[in-house]
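Secondary and tertiary structure notes
Here is how the chains run, residue by residue.
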Amino acid sequence: MTEQEVIDKVCDRIVATLYNELDYYMFEELGYTETNDKYVEDADKLIVKIIKELYLQVKFGLEAGIDGNNLTK
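All values derive from a computational prediction rather than experimental measurement. (Residues numbered from 1 in each chain as written. Predicted model: local features only at pLDDT ≥ 70, side-chain atom pairs only at ≥ 80, totals over all residues. Heavy atoms only, no water.)

1. Overview of the nonpolar core
Filter applied, for reference: The nonpolar core is taken to be a set of buried Ala, Val, Leu, Ile, Met, Phe, Trp, Tyr and Cys residues, with the residues joined through side-chain atoms within 4.5 Å. Each residue gets one of three labels from its accessible area relative to the maximum for its type: buried under 20%, exposed over 50%, partly exposed in between, using a 1.4 Å probe on protein chains only. Contacts: residue pairs with any heavy atoms within 4.5 Å of one another.
Judged by nonpolar contacts, L18, L22, M26, Y39, A43 and I47 together constitute the single largest core of six residues. Residues contacting Y39, with those up to four places away along its chain left out, are D23, M26, F27, Y32 and E34.

2. Brief notes about the environment of M26
For the record, the criterion: Counting from the N terminus, the helices are the DSSP runs of H or I reaching at least four residues and the strands are the DSSP runs of E reaching at least two.
Looking at where M26 falls in the secondary structure, it is placed in helix 1 (residues 3-28). Counting along the chain gives 17 residues from M26 to A43, while the straight-line C-alpha distance between them is 7.9 Å. Among all residues touching M26, those that are not within four sequence positions of it are G31, Y32, Y39, D42, A43 and L46.

3. Some remarks on helix 2 (residues 37-63)
Going by this rule: The span expected for a helix works out to 1.5 Å for each residue beyond the first. Any pair of nitrogen or oxygen atoms within 3.5 Å is treated as a polar contact; in protein, a donor-acceptor pairing is required on top of that, and neighbouring residues in sequence qualify only through side-chain atoms on both sides.
For helix 2, which comprises 27 residues, the first-to-last C-alpha distance of 39 Å matches the rise-based estimate of 39 Å (1.5 Å per residue) to within 8%. The opening residue of helix 2 is N36, an N-cap whose side-chain oxygen sits 3.2 Å from the backbone nitrogen of K38. The positive-phi residue at the C-terminal boundary of helix 2 is G65, with phi of around 90°.

Function cannot be inferred from these measures alone, as they are strictly geometric.
So, in structure tokens, the structure goes:
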């Protein structure tokens, strides 16, 4: 398996998990009762916000010298 194939598989798993978790929280915590056009539109907006937040956490972690579980500075 190539490095790119590993990256692709991990990304697929992350996206599936992300949508499963979002689905749960949209129904249980945000009060959605059905999967309709409004639900899909709001889910897409939330996914973008979640990805932006993940990006910021990774970016600031790397800037702070955190690489995985090890400090690089």
